[in-house]
Structure formats: structure tokens, C-alpha cells
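The residues making up each chain are set out below.
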Amino acid sequence: QAKATTVREALSEWEEKSGEKASEAKDMKLYGQIHPIEKMDASLSTLTNCEKLSLSTNCIEKIANLNGLKKLKILSLGRNNIKALSGLEAVADTLEELWISYNLIEKLKGIQCMKNLRVLYMSNNLDLLLLADLPCLVDLGFVRNPLEEKHSAEGTWIDEACKRLPNLKKLDGIPVIKQEEDEGEGDN
């Protein structure tokens, strides 16, 4: 069986190909390695200028070692084997987009700390529940989830999601049209 690629190896290969220093890069693409990455190891912490990190289509099981990424805005971890969202606390203040579709995530525990998260794509995971703790969210990709199944029969799925996420503008790629309420509030 082929040996997994380490993040360190992937970074040095990236530096060779690009002729740039990984520590200076704003956009780091380490997706779809020929020998998939299995661990988010400590060498990730060297990406101090990284704003967009893509590690999708690998075999990563756990989110880890993001503490050095003080500027990270977009994290793409789709198509991995991630089971939990713990490990995101390190980027809680800066992360605006999280792409985690096609993983094995069962619960959203660990996501409440993401105060600036605006875009969340998490289709094709296991049983997921929509949370009200993400006030900044404007775009949610959440195909097949219990809230939808429960409320779509009554035709209230979008209303229910909007109630919980007041700034939501897009749900599963469809623009959300809301009734404007209390328009006079906050204008004084």
C-alpha cells in the first residue's frame, strides 16, 4: 500500500513547482494528492499568510493544527473522512467560509465558535441539525438534513431556516426571499 503524503511533503512540492515560499502564500491548494494526506500536521502552522486553504479530496480524519493560520478566511475540506468539527477554534475569529461536504460529520458541535462564518457548505454528511448560533451566515448548502425533512411537508423549511439564521441570503444555492419585518427599527 502506498504511503500517505504528509502536509510537509505537499508543501515542499508546492514550493518546488511554484517557486514561492509557502509561508508567504495567500492561497494554498493541497487538494487531491496522489497519495492522499491523512493528517493535518504541525507544518500547517507555517502558513502564516494563508487566507484560503484547500485540503479537499484527501483522507483527513481530523481537523487540527490551524493555530498559525491567523489570516485564514476560507477552509475547504470537502471529500475527506472528517468525523467532527473540533479543531476550528484556532480560526474562529477569521474564518468566513467552510466547505465540508462529503465527510462523515454527525453533529455540528464545535461550530458555534465561528462568529464570522458567512458560507457553510456541508451536504452529504450524516445526520446534521441546523443551528441558530451562526448569525453571520448568508449562504448555506445543506442538502438532505432532518430540519428540511421535518418541515418540508408543511412547506415551512425555508421559513424555519430563516428564523434561525436572520442574515441568510442563499439556501442550497437558491436565493432566499424574506418578508421585511420591523423596517422602522434601528433607523433612529
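Residues numbered from 1 in each chain as written. Predicted model: local features only at pLDDT ≥ 70, side-chain atom pairs only at ≥ 80, totals over all residues. Heavy atoms only, no water.

On a plain count of helices and strands, the chain comes out with three helices and eight strands. Secondary structure of the chain in N-to-C order comes out as α-β-β-β-β-β-β-α-α-β-β. Residues classed as buried in the chain amount to 39% of the 188 residues present. Residue pairs at least 24 apart in sequence account for 30% of intrachain contacts in the chain once pairs closer than 6 positions are excluded. For the chain, the accessible surface area stands at approximately 10,700 Å², while carbon and sulfur atoms represent 50% of it. (Helix = DSSP H or I, 4+ residues; strand = E, 2+ residues; numbered from the N terminus. Buried < 20%, exposed > 50% of the residue type's maximum accessible area, 1.4 Å probe, protein only. Contact = heavy atoms within 4.5 Å. Areas by Shrake-Rupley, 256 points an atom, 1.4 Å probe, with all protein chains shown as cover.)

Turning to the packing of aromatic side chains, a few remarks are in order. Each aromatic ring pair is described using two quantities: the centre-to-centre distance and the angle formed by the ring planes. In total, this model carries one aromatic pair according to the counting rule given. Between Trp99 and Tyr121 the ring centres are 4.6 Å apart and the planes differ by 15°, which places this aromatic pair in the stacked class. Of this pair, Trp99 sits in strand β4 (residues 97–99) while Tyr121 is found in strand β5 (residues 119–121), placing the two residues 22 residues apart along the sequence. The class of Trp99 is partly exposed, set by a relative accessible area of 33%. (Phe/Tyr/Trp six-rings, centres within 6.5 Å; stacked < 30°, edge-to-face > 60°.)

Locating Ala92 in the fold gives a position in the loop between β3 (74–76) and β4. Separated by 19 residues in the primary sequence, Ala92 and Lys73 place their C-alpha atoms 9.7 Å from one another. Among all residues touching Ala92, those that are not within four sequence positions of it are Cys113, Met114, Lys115 and Asn116.

Turning to the sheet that holds strand β6 (residues 139–141), a few remarks are in order. Read from one edge of the open sheet, eight strands run β1-β2-β3-β4-β5-β6-β7-β8, paired in mixed fashion. Edge positions in the sheet fall to β1 (27–29) and β8 (174–175), since each has one partner strand and no second. The pairing of β1 with strand β2 (residues 52–54) spans three bridges and is parallel. By the bridge assignment for β2, Asp27 is matched with Lys52. (Pairing = 2+ DSSP bridges.)

The next subject is the nonpolar core. Core analysis: the largest hydrophobic core is formed by 46 residues, its most contacted members being Met28, Leu53, Leu66, Leu88, Leu98 and Leu120. Mapped by element, the contributors of at least two residues to this core are α1 (7–18) and α3 (157–164). Element by element, the count of residues in this core is highest for α1, at four residues. Discounting chain neighbours no more than four positions away, the residues touching Leu88 are Ile63, Leu66, Leu75, Leu95, Leu98, Gly110, Cys113 and Met114. (Core = buried A, V, L, I, M, F, W, Y, C linked by side-chain atoms within 4.5 Å.)

Our focus in this paragraph is α1. Taking 1.5 Å per residue as the helical rise, α1 with its twelve residues ought to reach 16 Å, and the 16 Å between its terminal C-alpha atoms agrees with that figure. Along α1, the residues that are buried comprise Val7, Ala10, Leu11 and Trp14. End-on, the buried residues of α1 take up no more than an arc of 100°, which puts them together on one face. Along α1, exposed side chains directed more than 90 degrees from the buried face belong to Arg8 and Glu16. In this structure, the buried side of α1 is in contact with β1. In the stretch just after α1, Gly19 is the one whose phi turns positive, near 70°. (Expected span 1.5 Å × (residues − 1). Arc of directions from axis to C-beta.)

Considering all chains together, one arrives at five salt bridges under this definition. Its salt-bridge partner being Glu51, residue Lys26 comes within 3.9 Å of it at the nearest N-O pair. Taken together, the residues span a long stretch of sequence, with Lys26 in the loop between α1 and β1 and Glu51 in the loop between β1 and β2 at a distance of 25 residues. A relative accessible area of 25% means that Glu51 is categorised as partly exposed. (Salt bridge = Lys/Arg side-chain N within 4 Å of Asp/Glu carboxyl O.)

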